[in-house]
Amino acid sequence: MAGELTLSPFLSDALVILGAAGIVIPVFARFRITPITGFILIGVLVGPYGLGSLVERTPWLYYVTISDPGGLTPFADFGIVLLLFAIGLELSFNRLWQMRKLVFGLGALEVLISGSALALFVGMAGAMNTAAALALGFALAFSSTAIVLPISGTRTPVGRAALSMLLFEDIMIVPIIFVLGALAPNAADEGWSGIVQTLWQGGLVIAVLLVAGRLALPRLFAQAARTKNPELFLAASLLVVIGASLATALVGLSPIVGALIAGLLIAETEYHTEVELIMEPFKGLALGVFLITVGMSINLAEIAEEIGTITLAVVGVVVFKALVTGILLRLMGARRGTAAETGVLMASPSETTLIVLAAASSAMVLDAETAHFWQTVTAIGLTITPLLAKLGAIIARRVDGVAQAQDDDDSEDARTIIVGGGRVGRLIADMMQTHGKPYVMIDSNPDLIAAAKQDGYRATFGDAARGDTLSRLGAERAPAVVLTMDEPVLAQRLVAKLRQTYPDLLIVARARDTDHAAAMYRAGASHAVPETLESSLQLSEAVLVDIGVAMGPVIASIHAKRDEYREQLERDGGLSEKPKLRTSTSVQA
């Protein structure tokens, strides 16, 4: 019939997901609850075991449920890829190298001990053969990268410990899946030869990515930045992350390995802050899709039938992994609170567990019924991870008696932010370096930033007026933000935005003249320095002294004139007292 509206399954599912994101994120943010739980609950509600099971009897539910759960899988996988890409952006090769002992020490011990012990336990409890017990044990040893890192971050002691273990787990997934293929009843030597082939091909691809990335990425993003076109910048970012992921996937490695390398390479450039900012919405939405798919796999009716066994399995896995991880961290010198919180946070199984269980089932190492049971246990474990994070934080406070301290790396963000990489910004950076004060310079002109980095300045590309750029540079911990750009309207808007977001922040702004300085004060600047005023006073001072006027009367007249302008700024800027104005040759007026 003409004019009848028919929604395809894909379009209907897309509307449900977008609607869920629009509801979950603001509602849960309002109550200061992580949206992770909200997305999983939405998946339970709109999935095939929730309202989706009623579509045949109530057709209108088709429009508010997920009709094709399998169609979401590629988007969920893309969410994990973007998450690892974002982790790479927060790291650097130098920081990763510093973490090598944690990654290959703590990470390796956690996987080997947890996997082996869990394999022994489930093998004895379920009367499994050795191959099945090993597959299940090591599957359960994995923890959730997608859920844990957004909760813990990567800079706190807990976040750094979690990151090191998760990185090793991401590396281990490839050999584990190949070993499962080798252990399959119908496998010959293909599994072991496949491991060798993947190792040398993967090593070659990683080497090519590292070399090509260092040479090509700065040029690619510089060209995108010169166009001042956000869409082109986004396209370049997606090209890099998808290209690197495909390259590693083609040789048998996990695509998340390529995504992590892409993030690490971009982290070494001056464009990492802008890339991180522009990719954030896509990462969040794709990760939300993944969490919805986790919720859709939970069958509440089946759980109700086996509530005792499932509860025992979930509690057993969580308690055992928490103890193993916590003890390992204590043995490696971590504080008691850090060890306890990290152990509880990392205790639940992972999205990787689901991948390994599926691989073990397809290789006929695990029977379908056993795999399905542990998939249910894993889905519940993922759902309760945010609650475990809260519990871990409470235990840490009880154990240590104080809140967990921030990692030393956070001090890197306690630096003055200089907005503008021109002559004024460089002069301020020079003075910061002279007095040993940390700073970072930001500008949206890629040529200015490239020249500044070449000259030894700590500079990064970014548009300070857009999004959360300054927040990602650590504005909440910065001693001051200095605005040096010669764009009066933009500077005034940025001052107002900063003052609204950070009420106690020291904001020092360059102003063209006294009228502009008064406007900057009204917008919320702590100090606004009118460059025409100071240059005019200094010129007057120089000429008067050189034509024979005594220094004393000249300085007195300079003080008097500056005081007139201070009164004008106090009046026009709506200030409660006269602003401070200084010159190089006179003391504060």
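The model shown is predicted, which means the values in this text are computed figures rather than measured ones.

**Concerning the overall build of the chain**
Turning to step 1, where the next piece is worked out: Helix and strand counts for the chain come out as 24 helices and 6 strands.
Turning to step 2, where the next piece is worked out: Out of the 589 residues belonging to the chain, those deemed buried represent 48%.
Turning to step 3, where the next piece is worked out: Counting every atom, the chain has about 27,700 Å² of accessible surface; 64% of that belongs to carbon and sulfur.

**Brief notes about the side chain of Thr-383**
Turning to step 1, where the next piece is worked out: By the secondary structure assignment, Thr-383 is in helix 17 (residues 368–400).
Turning to step 2, where the next piece is worked out: Assessed through its relative accessible area of 15%, Thr-383 is described here as buried.
Turning to step 3, where the next piece is worked out: Within the structure, the side chain of Thr-383 is placed 2.8 Å from the backbone oxygen of Ala-379, a separation counted as a polar contact.
Turning to step 4, where the next piece is worked out: For Thr-383, the residues in contact, after removing those within four places along its chain, are Thr-37, Ile-40 and Ile-298.

**Description of the pairing of strand 1 (residues 416–419)**
Turning to step 1, where the next piece is worked out: Burial along strand 1 is two-sided: the face carrying Thr-416 and Ile-418 and the face carrying Ile-417 and Val-419 are both buried.
Turning to step 2, where the next piece is worked out: Bridge analysis of strand 1 against strand 2 (residues 439–443) gives 4 bridges, and the strand direction is parallel. Following the sheet pairing, Val-419 is matched in strand 2 by Ile-442.
Turning to step 3, where the next piece is worked out: Regarding the hand of the β-α-β motif, the stretch spanning strand 1, helix 18 (residues 423–434) and strand 2 is right-handed.
Turning to step 4, where the next piece is worked out: Note that strand 1 and strand 4 (residues 481–483) share 3 bridges and pair parallel. Looking at the pairing, Ile-418 lines up with Val-482 of strand 4.

**Notes on the packing of helix 10 (residues 230–250) against helix 11 (residues 255–267)**
Turning to step 1, where the next piece is worked out: Between helix 10 and helix 11, the least distance of the axes is 7 Å, while the angle of their chain directions is 140°. Here helix 10 lies oblique to helix 11, going by the angle between them. By crossing handedness, the relation of helix 10 to helix 11 is classed as right-handed. Note on element contacts: helix 11 touches helix 10 through Pro-255, Val-257, Gly-258, Ala-259, Ala-262 and Ile-266, opposite Val-240, Val-241, Ala-244, Ser-245, Thr-248 and Ala-249.

**Things to note about empty space enclosed by the protein**
Turning to step 1, where the next piece is worked out: Summed over the entire model, instances satisfying the criterion amount to 2 cavities of 30 Å³ or more.
Turning to step 2, where the next piece is worked out: In this structure, the largest cavity occupies an estimated 50 Å³ of space.
Turning to step 3, where the next piece is worked out: Lining the largest cavity are Leu-82, Phe-85, Ala-86, Leu-89, Glu-276, Met-279, Glu-280 and Lys-283.
Turning to step 4, where the next piece is worked out: Sorting the residues of the lining of the largest cavity by element identifies helix 3 (73–90) and helix 12 (272–296) as the ones contributing at least two each.
Turning to step 5, where the next piece is worked out: In terms of residue class, the lining of the largest cavity is made up of 5 nonpolar, no polar and 3 charged.

**Description of the nonpolar core**
Turning to step 1, where the next piece is worked out: If you look at the biggest cluster of nonpolar residues, it comprises 120 residues, and the most contacted ones within it are Phe-85, Phe-221, Phe-233 and Trp-374.
Turning to step 2, where the next piece is worked out: Examining the composition of this core, we find that 11 residues originate from one element, helix 12, more than from any other.
Turning to step 3, where the next piece is worked out: Apart from the residues lying within four places of it in its own chain, the contact partners of Phe-221 are Phe-233, Ala-236, Ser-237, Val-240, Ile-266, Tyr-271 and Val-275.
Turning to step 4, where the next piece is worked out: With 27 residues, the next largest nonpolar core counts Leu-483, Tyr-502, Ala-509 and Ala-528 among its residues.

**What about the sheet that holds strand 6 (residues 527–530)?**
Strands in a sheet are paired, the pairing made by backbone hydrogen bonds, and the direction either parallel or antiparallel.
Turning to step 1, where the next piece is worked out: Judged by pairing direction, the sheet is parallel, and its 6 strands sit side by side in the order 3-2-1-4-5-6 without closing on themselves. Since the sheet does not close on itself, it has two edges, and those belong to strand 3 (459–461) and strand 6, each with one partner. Averaged over all pairs of adjacent strands, the angle between strand axes in this sheet comes to 20°, irrespective of strand direction.
Turning to step 2, where the next piece is worked out: As paired strands, strand 4 and strand 5 (residues 507–511) are joined by 3 bridges and run parallel to one another. From the neighbouring strand, Leu-483 faces strand 5, where its bridge partner is Ala-509.
Turning to step 3, where the next piece is worked out: Sitting on the sheet, helix 18 is in contact with strand 1, strand 2, strand 4 and strand 5, with an inclination near 170° to strand 2.
Turning to step 4, where the next piece is worked out: Against the sheet, helix 19 (residues 446–454) makes contact with strand 2 and strand 3, and its axis sits at roughly 155° relative to strand 3, the strand it touches most.

**Thoughts on the confidence of the model for the chain**
In low-pLDDT regions, the fine details of the predicted coordinates are not to be read closely.
Turning to step 1, where the next piece is worked out: Overall, the prediction assigns the chain a mean pLDDT of 79, with 86% of residues at 70 or greater.
Turning to step 2, where the next piece is worked out: Segment residues 403–411 is flagged for pLDDT under 50; beyond a separation of four residues in sequence, or across chains, it makes 19 contacts in the model.
Turning to step 3, where the next piece is worked out: In this model residues 583–589 is a low-confidence stretch, pLDDT under 50, and it forms 14 contacts with partners more than four residues away in sequence or in other chains.

**Some thoughts on helix 3**
Turning to step 1, where the next piece is worked out: Here helix 3 is 18 residues long and its end C-alpha atoms lie 26 Å apart, about the 26 Å a rise of 1.5 Å per residue gives.
Turning to step 2, where the next piece is worked out: Among the residues of helix 3, Ala-76, Gly-79, Ile-80, Val-81, Leu-82, Leu-83, Leu-84, Phe-85, Ala-86, Ile-87, Gly-88 and Leu-89 are the ones counted as buried.

**As for helix 14 (residues 307–331)**
Turning to step 1, where the next piece is worked out: Compared with the 36 Å implied by 1.5 Å per residue over 25 residues, the 36 Å span of helix 14 between its first and last C-alpha is a close match.
Turning to step 2, where the next piece is worked out: Listed as buried for helix 14 are Ile-310, Ala-313, Val-314, Val-317, Val-318, Lys-321, Ala-322, Val-324, Thr-325, Gly-326, Leu-328 and Leu-329.
Turning to step 3, where the next piece is worked out: Phi for Gly-333, located one or two positions after helix 14, is positive at around 100°.

Conventions adopted
- Residues numbered from 1 in each chain as written.
- Predicted model: local features only at pLDDT ≥ 70, side-chain atom pairs only at ≥ 80, totals over all residues.
- Heavy atoms only, no water.
- Helix = DSSP H or I, 4+ residues; strand = E, 2+ residues; numbered from the N terminus.
- Buried < 20%, exposed > 50% of the residue type's maximum accessible area, 1.4 Å probe, protein only.
- Areas by Shrake-Rupley, 256 points an atom, 1.4 Å probe, with all protein chains shown as cover.
- Polar contact = N/O pair within 3.5 Å; in protein donor to acceptor, adjacent residues only side chain to side chain.
- Contact = heavy atoms within 4.5 Å.
- Pairing = 2+ DSSP bridges.
- Right-handed = clockwise from strand over helix to strand, strands pointing away.
- Axes fitted to C-alpha atoms, helices over the stretch in contact; angles between N-to-C directions.
- Parallel < 35°, antiparallel > 145°, perpendicular 65-115°, else oblique.
- Left-handed = near helix turned anticlockwise from the far one by under 90°.
- 1 Å grid on protein atoms, 1.4 Å probe; cavity = no way out; pocket = protein on both sides within 12 Å on 5 of 7 lines; lining within 4 Å.
- Points joined across faces, edges and corners; volume = space filled by probe spheres on them.
- Nonpolar A, V, L, I, M, F, W, Y, C, P; charged D, E, K, R; others polar.
- Core = buried A, V, L, I, M, F, W, Y, C linked by side-chain atoms within 4.5 Å.
- pLDDT = per-residue confidence, 0-100.
- Expected span 1.5 Å × (residues − 1).

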